[in-house]
Amino acid sequence: MEINQFVEFTSAVVRSLPRDLDPTTTQGWIQNQRALTDVLRKALKPGSDSVIIQVSDNNPLSPPYDGWELVEDAASPVGNMELELAEFLKQGEDSVKGDVMRERAKKSNPMILGERHARALLEKQGSIPETWHKFYLVFPGTVWRDRRGGLRVPGLNWIGDRWYLDFYWLEGEFSRGD
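Okay, so let's go over this structure. Worth saying up front: this structure is predicted, and the values here are computed from it rather than measured. (Residues numbered from 1 in each chain as written. Predicted model: local features only at pLDDT ≥ 70, side-chain atom pairs only at ≥ 80, totals over all residues. Heavy atoms only, no water.)

### Let's talk about the overall build of the protein chain
Working step 1: Along its length, the protein chain carries five helices and nine strands.
Working step 2: Traced from its N-terminal end to its C-terminal end, the protein chain shows the element sequence α-α-α-β-β-β-β-α-α-β-β-β-β-β.
Working step 3: For the C-alpha atoms alone, the extent of the protein chain along its principal axes is close to 65 × 40 × 35 Å.
Working step 4: Here the analysis covers contacts within the protein chain between residues at least 6 apart in sequence; of these, 67% occur between residues at least 24 apart.
Working step 5: If you sum the accessible surface of the protein chain, you get close to 11,700 Å²; carbon and sulfur atoms cover 51% of it. (Helix = DSSP H or I, 4+ residues; strand = E, 2+ residues; numbered from the N terminus. Contact = heavy atoms within 4.5 Å. Areas by Shrake-Rupley, 256 points an atom, 1.4 Å probe, with all protein chains shown as cover.)

Here it is in C-alpha cells:
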C-alpha cells in the first residue's frame, strides 16, 4: 500500500467510527491498544495468521554455547511488531542454501529479524497460529560462528507440543519444514 493510499484509508476509518461510543468503552480501547489492534486486524485482514510480539531488549546477545562468536546481529527493530510468515522459496524449489535464504530475506524486508525477535516470539508461543507448526521459523538477522567455524542462525521449531529455539547451520539446506 502506498503512503497516499494508507493516509486515505486511515482517514476513511476515522470518519467511519461510530460517534456514540460510550466513554468507558472508548477509554478501555485507549488503555488496551493491543486488543484494539487484534480486533482491527481480524476485521480488516480476515484469515490472516499473525502474531504481535514486544521486543524491548537491544542489549548485546550472550553466546548460546561456549566458544560461539557473534558475527552479525539485528538488534532492531524494537517495540511492538506484527509477525507474519514470509516465504523464501521460489515456485518449484524444495530447498535453498542458507546464504540464498538470507539474501532473499533481506530483499523481502529491510528490517531482517534476529535472535531477540525469535526469543520474544518464543515467550508468546501460545499465540503462534497452529498453521505455523509445520514450518521452521528462521530469524536470519543474527549469525553465530560455532566452535568448528560453521555459521548458524536462530530459528524456532515445533516439536511435539511446543516451540523450541534452535540454531540452524547456514551451509545446510533450508526448506519449508513440512
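### Observations regarding a nonpolar patch on the surface
Working step 1: There is a patch of nonpolar side chains on the surface, built from Ile3, Phe6, Val7, Phe9, Leu40 and Leu44 and spanning about 580 Å² of accessible area.
Working step 2: Sorting the residues of the nonpolar patch by element identifies α1 (3-16) and α3 (33-44) as the ones contributing at least two each.
Working step 3: No other element matches the four residues that α1 contributes to the nonpolar patch.
Working step 4: Position of Val7 among the secondary structure elements: in helix α1.
Working step 5: Judged by relative accessible area, Val7 falls into the partly exposed class, the value being 47%. (Patch = residues over 30% accessible without salt bridge, like charges linked within 9 Å, V, L, I, M, F, W, Y side chains within 5 Å. Salt bridge = Lys/Arg side-chain N within 4 Å of Asp/Glu carboxyl O. Buried < 20%, exposed > 50% of the residue type's maximum accessible area, 1.4 Å probe, protein only.)

### What to know about the pattern of salt bridges
Between side chains of opposite charge, a pair can form when the charged atoms approach closely.
Working step 1: Counted according to the given criterion, the structure contains seven salt bridges.
Working step 2: For the salt bridge of Lys106 with Glu72, the shortest nitrogen-to-oxygen distance reads 4.0 Å. Taken together, the residues span a long stretch of sequence, with Lys106 in helix α4 (residues 98-108) and Glu72 in strand β2 (residues 69-72) at a distance of 34 residues.
Working step 3: Linked by salt bridges that have partners in common, Glu72, Arg102 and Lys106 make up one network.

### Some points on the side chain of Arg116
Working step 1: With respect to the secondary-structure elements, Arg116 resides in helix α5 (residues 115-123).
Working step 2: A distance of 2.7 Å separates a polar atom in the side chain of Arg116 from a polar atom in the side chain of Asp73.
Working step 3: Ignoring sequence-local partners within four residues, the contact set of Arg116 consists of Val55, Asp57, Asn58, Asn59, Pro60, Leu61, Asp73, Ala74 and Ala75. (Polar contact = N/O pair within 3.5 Å; in protein donor to acceptor, adjacent residues only side chain to side chain.)

### A closer look at the pairing of strand β1 (residues 51-55)
Working step 1: Counting buried residues in β1 gives four out of five residues, a clear majority hidden from the surface.
Working step 2: Sheet analysis places β1 next to strand β3 (residues 79-83), joined by five bridges and oriented antiparallel. Looking at β3, one finds that Val51 is bridged to Leu83. (Pairing = 2+ DSSP bridges.)

### Remarks on the environment of Leu89
Working step 1: Within the secondary structure, Leu89 sits in the loop between β3 and β4 (95-97).
Working step 2: Along the chain, Leu89 and Arg176 lie 87 residues apart, while their C-alpha atoms are 7.8 Å from each other.
Working step 3: The residues contacting Leu89, other than those within four sequence positions of it, are Asp94, Ser95, Val96, Arg104, Phe174, Ser175 and Arg176.

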